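This is what each chain is made of:
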Amino acid sequence: MATYDLFCDYSTQHPKEILQVEVLSDGEEDLLLFYKGQVSSLIRATPADAGEPLWSETTQLVCLDRLQAPYDPVTPVFLAANIMPTDLNF
């Protein structure tokens, strides 16, 4: 869960950015957006309880991108693509 919390914290501290995170969770692909400490799935249903993480202990990070906020699904503005969590500057 440390990586999930790291992404939530980063997105809170950088409100002009969105983290787009591709993961494998329980054998299924998912695409998560972290923005201002909140997270939503673009593929699965997002739980109504914001405290319920969309990330399990077995979730694997596939790809991490930094996007400019606000998010535009038609023409997203990439600030950095395919980076590692250690590349995030707090």
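Residues numbered from 1 in each chain as written. Predicted model: local features only at pLDDT ≥ 70, side-chain atom pairs only at ≥ 80, totals over all residues. Heavy atoms only, no water.

Undergrad: Please clarify how the pattern of salt bridges should be interpreted in this entry.
TA: Pairing between side chains of opposite charge can happen when the charged atoms of each approach one another. Here the structure, examined in full by the defined rule, presents 3 salt bridges. One salt bridge in this structure joins Arg-44 and Glu-28, with 3.6 Å as the shortest N-O distance. Of the two residues, Arg-44 sits in the loop between strand E3 (38-41) and strand E4 (60-68) while Glu-28 sits in strand E2 (residues 28-35), which places them 16 residues apart along the sequence. The class for Glu-28 is partly exposed, based on a relative accessible area of 47%. (Salt bridge = Lys/Arg side-chain N within 4 Å of Asp/Glu carboxyl O. Helix = DSSP H or I, 4+ residues; strand = E, 2+ residues; numbered from the N terminus. Buried < 20%, exposed > 50% of the residue type's maximum accessible area, 1.4 Å probe, protein only.)

Undergrad: Would you mind going over the nonpolar core with me for this structure?
TA: Grouped burial of nonpolar side chains is what soluble globular proteins tend to show. In terms of nonpolar packing, the biggest core is built from 16 residues, with Phe-7, Leu-19, Val-21, Leu-32, Phe-34 and Trp-55 touching the most fellow members. Going through the elements one at a time, helix H1 (2-13), strand E1 (17-25) and E2 are the ones with two or more residues in this core. Residue contributions to this core peak at 4 residues, all from H1. Not counting residues up to four positions away in its chain, the partners in contact with Leu-32 are Leu-19, Gln-20, Val-21, Val-23, Val-39, Ser-40, Ser-41, Leu-54 and Trp-55. (Core = buried A, V, L, I, M, F, W, Y, C linked by side-chain atoms within 4.5 Å. Contact = heavy atoms within 4.5 Å.)

Undergrad: What is the right way to read the environment of Ala-45 from this model?
TA: Along the chain, Ala-45 turns up in the loop between E3 and E4. Residues Ala-45 and Asp-26, spaced 19 residues apart in sequence, show a C-alpha to C-alpha distance of 15 Å.

Undergrad: Just checking my understanding: could you explain the sheet that holds strand E5 (residues 78-80) for this structure?
TA: Each strand in a sheet pairs with another by means of backbone hydrogen bonds, the pair being arranged parallel or else antiparallel. Taken in spatial order, the 5 strands of this open sheet run E3-E2-E1-E4-E5, and their pairing is antiparallel. What marks the edges here is a single partner per strand, and that holds for E3 and E5. The sheet shows a mean angle of 30 degrees between the axes of neighbouring strands, taken without regard to direction. Pairing geometry for E4 and E5, over 2 bridges, is antiparallel. Across the sheet, the residue bridging to Arg-66 is Ala-80, located in E5. Against the sheet, H1 contacts E1, E2, E3 and E4, and its axis sits at roughly 30 degrees relative to E2. (Pairing = 2+ DSSP bridges. Axes fitted to C-alpha atoms, helices over the stretch in contact; angles between N-to-C directions.)

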